Amino acid sequence: MSCKFCNEKGKNTVDLLGISICEDCFEHIATTSVFADNYEYNKEVIKSILKKYIEEKDMAP
Ligand SMILES: [Zn+2]
């Protein structure tokens with residue numbers, strides 16, 4: 001399973017709302033304040049997670 005965000009394979013991945021994300025990316029998202037310099041990056045990541053989550057939810061019976 002490869003990470004949805006950095007596309008690295010062979011890392012330990014965790015399941016975040018049905019999306020495979022490696023521990024590095026997960027920790028990055030989880031520990032970075034939204035007020036930090038990479039707020040824009042986190043915003044995009046979270047947005048894509050939510051988008052995927054909503055899409056999959058819509059497709060569910
Ligand atoms: Zn990753």
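Each remark here, short or long, concerns the structure printed above.
These notes cover the structure that comes with them. It should be emphasised that the depicted structure is a prediction, and the values quoted were computed from it without experimental measurement. (Residues numbered from 1 in each chain as written. Predicted model: local features only at pLDDT ≥ 70, side-chain atom pairs only at ≥ 80, totals over all residues.)

**What to know about the overall build of the protein**
In step 1: The secondary structure content of the protein amounts to two helices and two strands.
In step 2: Helices and strands in the protein line up, N terminus first, as β-β-α-α.
In step 3: Relative to its 61 residues, the protein shows a buried fraction of 10%.
In step 4: Sequence-distant contacts in the protein: of pairs separated by 6 or more residues, those separated by 24 or more amount to 18%. (Helix = DSSP H or I, 4+ residues; strand = E, 2+ residues; numbered from the N terminus. Buried ≥ 20, exposed ≤ 12 C-beta atoms within 10 Å, placed from the backbone. Contact = placed C-beta atoms within 7 Å.)

**What about unusual backbone geometry?**
In step 1: Although it is not a glycine, N7 sits at a positive phi angle of roughly 60 degrees.
In step 2: By the secondary structure assignment, N7 is in the segment before β1 (13-16).

**Quick look at the environment of T13**
In step 1: Structurally, T13 is set in strand β1.
In step 2: Each residue touching T13, except ones within four places of it in the same chain, is listed here: M1, C3, S20, I21 and C22.

**Structural notes on the environment of F26**
In step 1: When you line up the elements, F26 lands in helix α1 (residues 23-31).
In step 2: Sequence spacing of F26 and V14 is 12 residues, and the spatial spacing of their C-alpha atoms is 7.7 Å.

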